[in-house]
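So you can see what is in the structure, the chains are spelled out below.
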Amino acid sequence: MMNYKICLLPGDGIGPEVIASAKDVLTALPIQWDFIECGIGFGEYQRSDSPLPDSTIRQIRHADATLFGAVTTPPNIPNYFSPVVRMRQSLELFSNLRPCRSIPHPSSRSGIDLIIVRENTEGLYSGIERLEDDGNRAITERVITRKGSERIIRKAFDTARQTGRKSVHVVHKANVLRQTCGLFRAIAFEIAKEYPEITTHEMLVDTCAMELVRAPEQFEVIVTTNLFGDILSDEACMFVGGLGVAASANIGADAAVFEPVHGSAPPLVGTSKANPIATYLAAAMLLDYINEKESAERLRNAVEACIANKESTPDLDGNLTTSQVTERVIEKL
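This report concerns the structure included in the present document. None of the values given here were measured: they were computed from a predicted structure. (Residues numbered from 1 in each chain as written. Predicted model: local features only at pLDDT ≥ 70, side-chain atom pairs only at ≥ 80, totals over all residues. Heavy atoms only, no water.)

### Concerning the overall build of the protein chain
- Counting its regular elements, the protein chain contains eleven helices and twelve strands.
- Taking 2.2 N^0.38 as the reference for a compact globule, 333 residues should give roughly 20 Å; the C-alpha atoms of the protein chain span a radius of gyration of 20 Å, in line with that estimate.
- With respect to the three principal axes, the spread of C-alpha positions in the protein chain is 55 × 50 × 40 Å.
- For the protein chain, with 333 residues in total, the buried portion stands at 53%. (Helix = DSSP H or I, 4+ residues; strand = E, 2+ residues; numbered from the N terminus. Rg over C-alpha atoms; globule rule 2.2 N^0.38 Å. Buried < 20%, exposed > 50% of the residue type's maximum accessible area, 1.4 Å probe, protein only.)

What follows is the structure, encoded as structure tokens:
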């Protein structure tokens, strides 16, 4: 039996709690694991003077996959940087995948099963900013490259093909952002020709935001640039249970980091009310990535059975603690 090396990044806030829960759930599966825990976030900065030590980057690179909890990013601290953005850029985790799938709960609309494929390393998050005119004028540069566009668009079409989806929506604002979105759009239609069995649609980002509210069931795969993908994916998750059940993958050529989307949620620390389900769904994406697809589906089914039975934390109308939810999911596995 294969032994998978998994890097765990608990981080800050409720991160350590949900990562510990997910580790217990993964250990309950008939798979051999070799877990290594590394530091990231504000707590790590206080310990080692860096929110993302080089040793953590090395371990992520050498692992088969990484499961990440959450970090707190306080503003206005000298030498502090976003460890998440730095991790994505230094490991070239160029694709961010956000699945939005209906759950058996009243807060979720039915019939939704879409994936948002977001470019993760450039665009308006390239980090090229400056102040001019004695601080009265702030400028950010939006960088869109052929390389960045080609690989994210190909990832979207490959994802559609691998998951049996029949359509991809290319989302942009090329009517206004004529050079940057224009390049992204042109490359999308070049690459689409390589996937004749998949229907390509294009949509302006504001129209897409409206259509996600009106009829999210129409979408199967959405591919877009960094900022647009960030906003649309948070919008879309609200139709399928909200941030408490939203998971994402950050995938590059030779590294992959899986995480819940909810952040560090400081008010929930120590309350036993942190919802671990998003982290379990991130773990299911990790299982898919390492080709343990049967275990991934078992984990999703166990999670959905718990949600349907209200065996959940208060945010999903249950009355269980974090550890009790973990126990119930393990029972169902």
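### Some details on the pattern of salt bridges
- One pass over the full model with this rule turns up 24 salt bridges.
- With a shortest N-O distance of 2.7 Å, E194 and R154 are connected by a salt bridge. Of this pair, E194 sits in the loop between α6 (180-192) and β9 (199-204) while R154 sits in helix α5 (residues 146-162), and the two are 40 residues apart along the sequence.
- The residue D288 makes a salt bridge to R300 at a minimum N-O spacing of 2.6 Å. Pair noted here: D288 is in helix α9 (residues 277-289) and R300 is in helix α10 (residues 293-308), with a separation of twelve residues, a long-range link.
- R300 gets classed as buried once you look at its relative accessible area, which sits at 14%.
- What you see here is one network of salt bridges that share partners, running through R101, D288, E297, R300 and E304. (Salt bridge = Lys/Arg side-chain N within 4 Å of Asp/Glu carboxyl O.)

### Examining the layout of surface pockets
- The computed volume of the largest pocket comes to approximately 940 Å³.
- Considering every element that reaches the lining of the largest pocket, the biggest residue donor is α10, with six residues.
- Its residues placed into classes, the lining of the largest pocket shows 18 nonpolar, six polar and ten charged.
- Size it by volume and the second largest pocket reaches roughly 440 Å³.
- Along the wall of the second largest pocket there are 20 residues; nearest its centre are V84, R88, D230, E259 and V261.
- Looking at the lining of the second largest pocket, the elements that each hand over two or more residues are β3 (65-70), α4 (83-90), β4 (95-101), α8 (226-237) and β12 (256-260).
- Looking at side-chain class alone, the lining of the second largest pocket contains nine nonpolar, five polar and six charged residues. (1 Å grid on protein atoms, 1.4 Å probe; cavity = no way out; pocket = protein on both sides within 12 Å on 5 of 7 lines; lining within 4 Å. Points joined across faces, edges and corners; volume = space filled by probe spheres on them. Nonpolar A, V, L, I, M, F, W, Y, C, P; charged D, E, K, R; others polar.)

### What to know about the sheet that holds strand β11 (residues 247-251)
- On the basis of which strands lie adjacent, the open sheet formed by ten strands has the order β2-β1-β3-β12-β11-β4-β5-β10-β8-β9 and mixed pairing. One side of each edge strand has no neighbouring strand; the edge strands of this open sheet are β2 (32-37) and β9. Here the average twist between neighbouring strands, direction ignored, is 25°.
- Direction of pairing for strand β1 (residues 3-11) relative to β2: parallel, over a ladder of six bridges. (Pairing = 2+ DSSP bridges. Axes fitted to C-alpha atoms, helices over the stretch in contact; angles between N-to-C directions.)

### Focus: α9
- Over its 13 residues, α9 extends 18 Å from the first C-alpha to the last, a length consistent with the 18 Å expected when each residue adds 1.5 Å.
- Extensive coverage of α9 is indicated by the burial of eleven of its 13 residues.
- Within α9, the full set of buried residues consists of I277, A278, T279, Y280, L281, A282, A283, A284, M285, L286 and L287.
- N291 occupies a position one or two residues after α9 and carries a positive phi of about 70°. (Expected span 1.5 Å × (residues − 1).)

### Concerning the packing of α10 against helix α11 (residues 322-332)
- At a minimum axis separation of 9 Å, α10 and α11 run at an interaxial angle of 125°. Viewed along their axes, α10 and α11 adopt a mutual orientation that is oblique. For the crossing formed where α10 meets α11, the hand is right-handed. The segment α10 lies against α11, with L299, A302, A305 and C306 engaging R328, V329 and K332.
- Of the residues that constitute the contact of α10 with α11, the class distribution is five nonpolar, no polar and two charged. (Parallel < 35°, antiparallel > 145°, perpendicular 65-115°, else oblique. Left-handed = near helix turned anticlockwise from the far one by under 90°. Contact = heavy atoms within 4.5 Å.)

### Some remarks on unusual backbone geometry
- A positive phi angle is found at N291, which is not glycine, with a value near 70°.
- With respect to the helices, strands and loops of the structure, N291 is situated in the loop between α9 and α10.
- The class for N291 is exposed, based on a relative accessible area of 58%.
- One non-glycine residue, D317, adopts positive backbone phi at about 70°.
- Within the secondary structure layout, D317 lies in the loop between α10 and α11.

### Some points on the nonpolar core
- Ranked by internal contacts, the top residues of the largest apolar core, which has 61 residues, are L67, F258 and L299.
- Ranked by residue count, the leading element in this core is α9, at nine residues.
- Ignoring anything within four residues of it in the chain, the contact list for L67 reads C7, L8, L9, I19, A22, L26, F258, T279, A282, A283 and L286.
- V171, A174, F219 and F228 belong to the second largest nonpolar core, which has 18 residues in total. (Core = buried A, V, L, I, M, F, W, Y, C linked by side-chain atoms within 4.5 Å.)

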